[in-house]
Amino acid sequence: MKKLLLATLLGVLSLTACESENEFHQTSFDKSGIVMYADQVVDSVLLFYSDNWTATLADGSWVNLLSVTKNDQGTIVSSEKVGMLSGTSQKDALLISTPIYVTAEPNATGVMRYATLNVSSHENASIMITQLPMLNVTYPYYRFKEGTEISSENLIYEDDLVASSTEGKVICTIYREGATLTSDAAWCTPEISDLSVGTNTIMLILEPNTTPLLRTATLTLTSGGVSMPITINQAGKIDD
């Protein structure tokens, strides 16, 4: 009898061990990190999970988690800053996905800054949140003064135009209301100075340079209290 009970018990323990070994657990993200521009308000990362989870932030007082409410079309209609987010697993789903939203204050420090998004679950996961010190300008292209350190002091946005040029352009993506583009030179003026949220292509109205001297105009792009210079160089006229 004892042998029979012992054999039965060993069989149950063996079955339990096999079931445990075959359990599926996963906590992961759809990208390796979140990178935000200096004036960017919101960004998100997709979380994949199989178990209950809790999300928190560490090392960055400039960034917060967002609890969002969406309408039937999936558009965010309201949001609230929170210290923690959580989710629960579903018995009929092996793997579930949900977006985690973060919101940041403008980065006027001139240098990159970092925070960490931590997700606690059966399998823990974390990713880095990086906020850049510059605004999102795609033209003119940038170059480094020296090395490859990303800081507002080491990045130069510059365009070189010929003496006969009568127009130029700036392309940028703005994330906050009230952004502006201004010029310190009368011979180079933006067609519009008040920018809208989204991608803006701003034409520059130039006067031909009739002198033999190179001249420079400095444009100032400002969004969310962060300002960035853009240099426009116009070559001097070469006599035939």
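Residues numbered from 1 in each chain as written. Predicted model: local features only at pLDDT ≥ 70, side-chain atom pairs only at ≥ 80, totals over all residues. Heavy atoms only, no water.

(A) Representation of the sheet that holds strand β2 (residues 33-36) in the model. The strand order across the open sheet formed by five strands is β2-β10-β9-β4-β7, and the pairing between neighbours is mixed. Only two strands of the sheet have a single neighbouring strand rather than two, namely β2 and β7 (85-87). Across the sheet, the mean angle separating the axes of adjacent strands is 20° when strand polarity is ignored. Alignment of strand β4 (residues 53-58) against strand β9 (residues 113-120), held across five bridges, turns out to be antiparallel. Of the residues in β9, the one forming a bridge with T54 is S120. (Pairing = 2+ DSSP bridges. Helix = DSSP H or I, 4+ residues; strand = E, 2+ residues; numbered from the N terminus. Axes fitted to C-alpha atoms, helices over the stretch in contact; angles between N-to-C directions.)

(B) Seen up close, the pairing of strand β18 (residues 215-223). In the sheet, strand β15 (residues 180-183) pairs with β18 via four bridges, with the strands oriented antiparallel. Its bridge partner being in β18, S183 is matched across the sheet by L219. Here β18 hands over to strand β19 (residues 226-234) after two residues, with G224 in that stretch at a positive phi of 65°.

(C) Structural view of the nonpolar core. Counting 27 residues, the largest nonpolar core has C188, L195, L219, L221, I230 and I232 as the members making the most contacts within it. Taken together, the elements giving at least two residues each to this core come down to β13 (155-161), β14 (167-174), β17 (198-206), β18 and β19. Ignoring anything within four residues of it in the chain, the contact list for I230 reads V137, P140, Y157, V170, A217, T218, L219 and L221. (Core = buried A, V, L, I, M, F, W, Y, C linked by side-chain atoms within 4.5 Å. Buried < 20%, exposed > 50% of the residue type's maximum accessible area, 1.4 Å probe, protein only. Contact = heavy atoms within 4.5 Å.)

Treat this as a map of the structure, not an account of what it does.
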